[in-house]
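Fold and geometry: a report
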Amino acid sequence: NSSYEVRLSGQAAAQNGVLLGADVSFQVNTVTCLQVVRVFPADGANQVETTSQITVLFNRPVVALGIAEEQPELPQPLEITPAASGKGEWVSTSVYVFTPDQPLRTGTRYTLAVRRGLADSTNAPDAALAETFRWQFTTLPPRVAEIQVGNTSILPGQDFVPTNVALIPEIVFSFGQKMDAAITNKAIIL
């Protein structure tokens, strides 16, 4: 992450003694350290779908182009807390995507990290990720998607009272995610 000016003085001379006459100069910039430039879900995001993939974009290549069979040998830079099992893969030389095996926990704040020291594709030690990059997001809380009383559907928040309901109706709650059946059954009050 530095700039250098290279200058050749006009006093340089050919073998026959003729001077170059004018200075020649140019500037070069060395690469910056490896950086995380964007993450999905974004830092601080709320109401994140539990089926979301987690994506990290770097400012330059971390891995070389390769074939799918080489994926297990490539760096797996993402740490997730609480832990989530899944598969991480490099979809390009600078984009890493983690796909959870199961939906993430509902209503949970996840903390993610890419540890300092991750090297880029040049493997130059002074170009590695200088600081651990951390971010957080929170998944959707549990929610009722729909309630069905007999043949009538009711959406949560809908001001609707079914009429002419059978004395022993079937009442079905549909949720936006898997629920703990024992705890949820205890929470139903008639």
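Remember, it's a predicted structure, so these values are computed and weren't measured experimentally.

What counts and what doesn't
Residues numbered from 1 in each chain as written. Predicted model: local features only at pLDDT ≥ 70, side-chain atom pairs only at ≥ 80, totals over all residues. Heavy atoms only, no water. Salt bridge = Lys/Arg side-chain N within 4 Å of Asp/Glu carboxyl O. Buried < 20%, exposed > 50% of the residue type's maximum accessible area, 1.4 Å probe, protein only. Helix = DSSP H or I, 4+ residues; strand = E, 2+ residues; numbered from the N terminus. Phe/Tyr/Trp six-rings, centres within 6.5 Å; stacked < 30°, edge-to-face > 60°. 1 Å grid on protein atoms, 1.4 Å probe; cavity = no way out; pocket = protein on both sides within 12 Å on 5 of 7 lines; lining within 4 Å. Points joined across faces, edges and corners; volume = space filled by probe spheres on them. Nonpolar A, V, L, I, M, F, W, Y, C, P; charged D, E, K, R; others polar. Pairing = 2+ DSSP bridges. Axes fitted to C-alpha atoms, helices over the stretch in contact; angles between N-to-C directions.

**Some words on the pattern of salt bridges**
- Under the counting rule described, the total for this entry stands at three salt bridges.
- Across the pair Glu5 and Arg7 runs a salt bridge whose closest N-O atoms are separated by 3.8 Å.
- The exposure class assigned to Arg7 is exposed, which follows from its relative accessible area of 56%.
- Note that Asp120 is salt-bridged to Arg60, the shortest N-O span being 2.7 Å. Of the two residues, Asp120 sits in the loop between strand 9 (109-114) and strand 10 (133-139) while Arg60 sits in the loop between strand 5 (54-58) and strand 6 (78-81), which places them 60 residues apart along the sequence.

**Structural notes on the environment of Glu69**
- Mapping Glu69 onto the fold places it in the loop between strand 5 and strand 6.
- Considering only alpha carbons, one finds Glu69 and Thr138, 69 residues apart in sequence, at a separation of 33 Å.

**Observations regarding the packing of aromatic side chains**
- For the structure on display, the rule yields five aromatic pairs.
- Among the aromatic residues, those joined into a cluster by ring pairs are Phe58, Trp90 and Tyr96.

**Examining the layout of surface pockets**
- One number sums up the size of the largest pocket: a volume of about 150 Å³.
- If you trace the largest pocket, you find it lined by Val63, Ala64, Leu65, Gly66, Ile67, Glu70, Gln71, Leu74, Trp90, Val91, Ser92 and Thr93.
- For the lining of the largest pocket, a count of residues per class yields seven nonpolar, four polar and one charged.

**Section: the sheet that holds strand 5**
- Strand order in the open sheet formed by four strands is 3-5-8-7, and the pairing between neighbours is antiparallel. Sheet topology places strand 3 (36-40) and strand 7 (86-90) at the edges, where each strand pairs with a single neighbour. Taking each pair of neighbouring strands and ignoring which way they run, the sheet shows an average axis angle of 15°.
- Here strand 7 pairs with strand 8 (residues 95-100) via five bridges, running antiparallel.

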